[in-house]
Amino acid sequence: MKRRTNFKLSFSLVLIMSLIMLTACGNTDTSTGNTSSAGGTKQATLDFLWFSDGNEGEVIKEIIKEYEQSNANVKINLIEVGFKDLQTKLKTMISGGKPPALSRITDTGSFANQAVDLTPYVDSADQFEGQFIDSLKPYYVINDKLVAAPMDVTANGLIYNKTLFDKAGVKVPTSADDVWTWDEYTAALKEVMAKGGARYGMVWDVTPHRWSTLLYQNGGSILSEDGKAAAINSEAGIRTMDMFKQLHKDGIMPESVWLGGENPNNLFRSGTVAAHWAGNWMISNYKDITDFEWGVTYMPKGTQRSSVPGGKFLMAFKDSGNEKEAAEFIKYLTSKEVNSKYNQESLFMSPRKDSSALDYEFGKEMYQVFSDELKNSSPLAANDWSRQTIISKITTDLKNNIIDVLSDKMTSKEAMDKTAKLIDEAIASQ
């Protein structure tokens, strides 16, 4: 009897263990990390690599919560990293065979080969792309593939000290139909310096990205349209460098910024500078200024108007096991209602054509001016800056070459020719 009892007990234990193992296997997909709910519905867990510049992290968490409530089969796992660590983290995940389902990203070109082509997941690629500002297209359509989608957009523009302009009796353009020429603009700055008490006419961020705004306004570009050759040493490029140096020589711009490393934000905040050429994110940065009135007006034009578009994009990755779910989430985040909410609450600019006039809690009219600058930008600007695998290799050299011109170590032509050679070498190494 004892032997039979032990046999029954052993058989029961084996049966119980088998049931447990079958249940575990039924609830876990070991190849994708997905789990099944009690009702048998597949639940997808999407790793979402994310960085924040301001409060947008809190905004996206609320949007994710709302999405999960209406999509019970999807769980979004937000992985937050610092912006400076994003590329390293992303490359590590991809090379380790465990790419995230999606990521917020600025450098779309470097990861285009690992990106999911979103074309099969949208009703029409042309219709999807048509929702967004045209100048952004080179950033997310690469080799005729829809490798990403715009989440927010940035632009370079002109912030001015209204108090100084008013004191000098100088009026700024109030309409896109009445923008200054460059001659009119520099004359206005000189008048504000003479009559308004401004120490300097303007400050300009020490970045080739901001400097290139003038290049595009003069009809130039860094690269040829097909991206196969340097174009920065064209007549327009040399003229741009000559103009930039003259602004310093005339005392309109302080040498202390580009040659001495002085912070242009602090100079503008001091109330002694008439204008600051900066990105739209400075609107929220400057909102605490109370010592003087300030605003945003239109940049002057050379042979044409132009800003430089940039921004953040959403990219889904191959081999995550959740490509379809990631694509659906990207469509949700870039839809009019959700994207407008995200950008309005984050104080960002929407890349959507139908969301250019959001009801911001601060600076609504200022953002509209920046948005108009984007609409009137040269397509060559995005064509250049979207090619990050090339541009990232030469920006530091370009900045140093500009500084050498300002310090009389090179002529404008020598600097642009030297930069062009480096660009051609970067292209050849691709």
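Before reading further, recall that the structure is shown in the block above.
So, here's what we can say about the structure. Quantities reported herein were computed from a predicted structural model and do not represent experimental measurements. (Residues numbered from 1 in each chain as written. Predicted model: local features only at pLDDT ≥ 70, side-chain atom pairs only at ≥ 80, totals over all residues. Heavy atoms only, no water.)

Let us now look at the pattern of salt bridges. Applying the stated rule across the entire model yields 22 salt bridges. Linking Asp85 and Lys84 is a salt bridge whose minimum nitrogen-to-oxygen distance equals 3.5 Å. What makes Lys84 exposed here is its relative accessible area of 70%. The partner of Lys162 in a salt bridge is Asp166, and the shortest N-O contact between them spans 2.9 Å. Placement of the pair is Lys162 and Asp166 together in helix H6 (residues 162-168), with a separation of 4 residues, close to one helical turn. One network of salt bridges, with partners in common, ties together Asp53, Glu56, Arg104, Asp152 and Lys312. (Salt bridge = Lys/Arg side-chain N within 4 Å of Asp/Glu carboxyl O. Buried < 20%, exposed > 50% of the residue type's maximum accessible area, 1.4 Å probe, protein only. Helix = DSSP H or I, 4+ residues; strand = E, 2+ residues; numbered from the N terminus.)

Turning to the layout of surface pockets, a few remarks are in order. In this structure, the largest pocket spans a volume of roughly 1,000 Å³. Phe83, Thr106, Thr154, Trp281 and Lys312 are, among the 39 residues lining the largest pocket, the residues nearest its centre. Among the elements of the structure, helix H3 (83-95), strand E8 (149-154), helix H8 (208-217), strand E13 (310-316), helix H17 (388-391) and helix H18 (395-406) are those that each provide at least two residues to the lining of the largest pocket. Ranked by the residues each element gives to the lining of the largest pocket, the list is headed by H3, at 5 residues. Residues that form the lining of the largest pocket fall into these classes: 14 nonpolar, 16 polar and 9 charged. Empty space within the second largest pocket amounts to approximately 430 Å³. In terms of lining, the second largest pocket is formed by 17 residues, of which the most central are Gly109, Ile142, Asn143, Arg387 and Thr389. Only strand E6 (141-142) and H17 provide two or more residues apiece to the lining of the second largest pocket. The element contributing the most residues to the lining of the second largest pocket is H17, with 3 residues. Partitioning the lining of the second largest pocket into residue classes produces 6 nonpolar, 9 polar and 2 charged. (1 Å grid on protein atoms, 1.4 Å probe; cavity = no way out; pocket = protein on both sides within 12 Å on 5 of 7 lines; lining within 4 Å. Points joined across faces, edges and corners; volume = space filled by probe spheres on them. Nonpolar A, V, L, I, M, F, W, Y, C, P; charged D, E, K, R; others polar.)

The next point concerns H8. Burial analysis of H8 places 10 of its 10 residues in the buried class, which makes it a mostly covered element. Along H8, the residues classified as buried are Pro208, His209, Arg210, Trp211, Ser212, Thr213, Leu214, Leu215, Tyr216 and Gln217. Following H8 by one or two positions, Gly219 has its phi on the positive side, about 85°.

Okay, the nonpolar core next. Grouped together as the largest cluster of nonpolar side chains are 134 residues, with contacts concentrated most on Phe48, Met202, Trp204 and Trp211. Once residues within four sequence positions are removed from consideration, Trp211 is found in contact with Trp204, Ile232, Thr240, Met241, Phe244, Trp258, Leu398, Ile402 and Met416. (Core = buried A, V, L, I, M, F, W, Y, C linked by side-chain atoms within 4.5 Å. Contact = heavy atoms within 4.5 Å.)

Time to look at a negative patch on the surface. A cluster of like negative charges, contributed by Asp177, Asp178, Asp183 and Glu184, occupies part of the molecular surface. Tracing the sequence through the fold places Asp177 in the loop between H6 and helix H7 (182-195). (Patch = residues over 30% accessible without salt bridge, like charges linked within 9 Å, V, L, I, M, F, W, Y side chains within 5 Å. Areas by Shrake-Rupley, 256 points an atom, 1.4 Å probe, with all protein chains shown as cover. Lys, Arg positive; Asp, Glu negative; His and termini not counted. Charge placed at Lys NZ, Arg CZ, Asp CG, Glu CD.)

With that settled, consider the sheet that holds strand E12 (residues 294-297). Each strand in a sheet pairs with its neighbour through backbone hydrogen bonds, running either in the same direction (parallel) or in the opposite one (antiparallel). Spatially, the 4 strands line up as an open sheet ordered E10-E11-E9-E12, and their pairing is mixed. Looking at which strands have only one partner, the edges of the open sheet turn out to be strand E10 (200-204) and E12. Between one strand axis and the next, the sheet turns through 25° on average, direction left out of account. Both strand E9 (residues 156-161) and E12 contribute to a ladder of 4 bridges, which runs antiparallel. In the sheet register, Ile159 faces E12, and the bridge partner there is Val296. Against the sheet, H8 makes contact with E9, E10 and strand E11 (273-279), and its axis sits at roughly 95° relative to E11, the strand it touches most. (Pairing = 2+ DSSP bridges. Axes fitted to C-alpha atoms, helices over the stretch in contact; angles between N-to-C directions.)

The subject of this paragraph is the environment of Val369. Here Val369 shows up in helix H15 (residues 364-375). We classify Val369 as buried; its relative accessible area is 9%. Along the backbone, Val369 and Leu347 are 22 residues apart, and their C-alpha atoms lie at a distance of 14 Å. Aside from chain neighbours lying at most four places away, what touches Val369 is Val296, Thr297 and Tyr298.

Next up on the list: empty space enclosed by the protein. The tally for this structure, following the rule as stated, stands at 1 cavity of 30 Å³ or more. By volume, the largest cavity is sized at about 50 Å³. When residues in the lining of the largest cavity are grouped by element, the largest group, 4 residues, is from H15. Tallied by class, the residues present in the lining of the largest cavity amount to 6 nonpolar, 5 polar and no charged.

A separate point is unusual backbone geometry. A positive phi angle is found at Asp144, which is not glycine, with a value near 65°. Its location among the elements puts Asp144 in the loop between E6 and strand E7 (145-146). Residue classification places Asp144 among the exposed positions, given a relative accessible area of 76%. The phi angle at Asp408 is positive, at roughly 65°, despite the residue not being glycine. As for its position among the elements, Asp408 is in the loop between H18 and helix H19 (412-428). Using a relative accessible area of 58% as the deciding quantity, one classes Asp408 as exposed.

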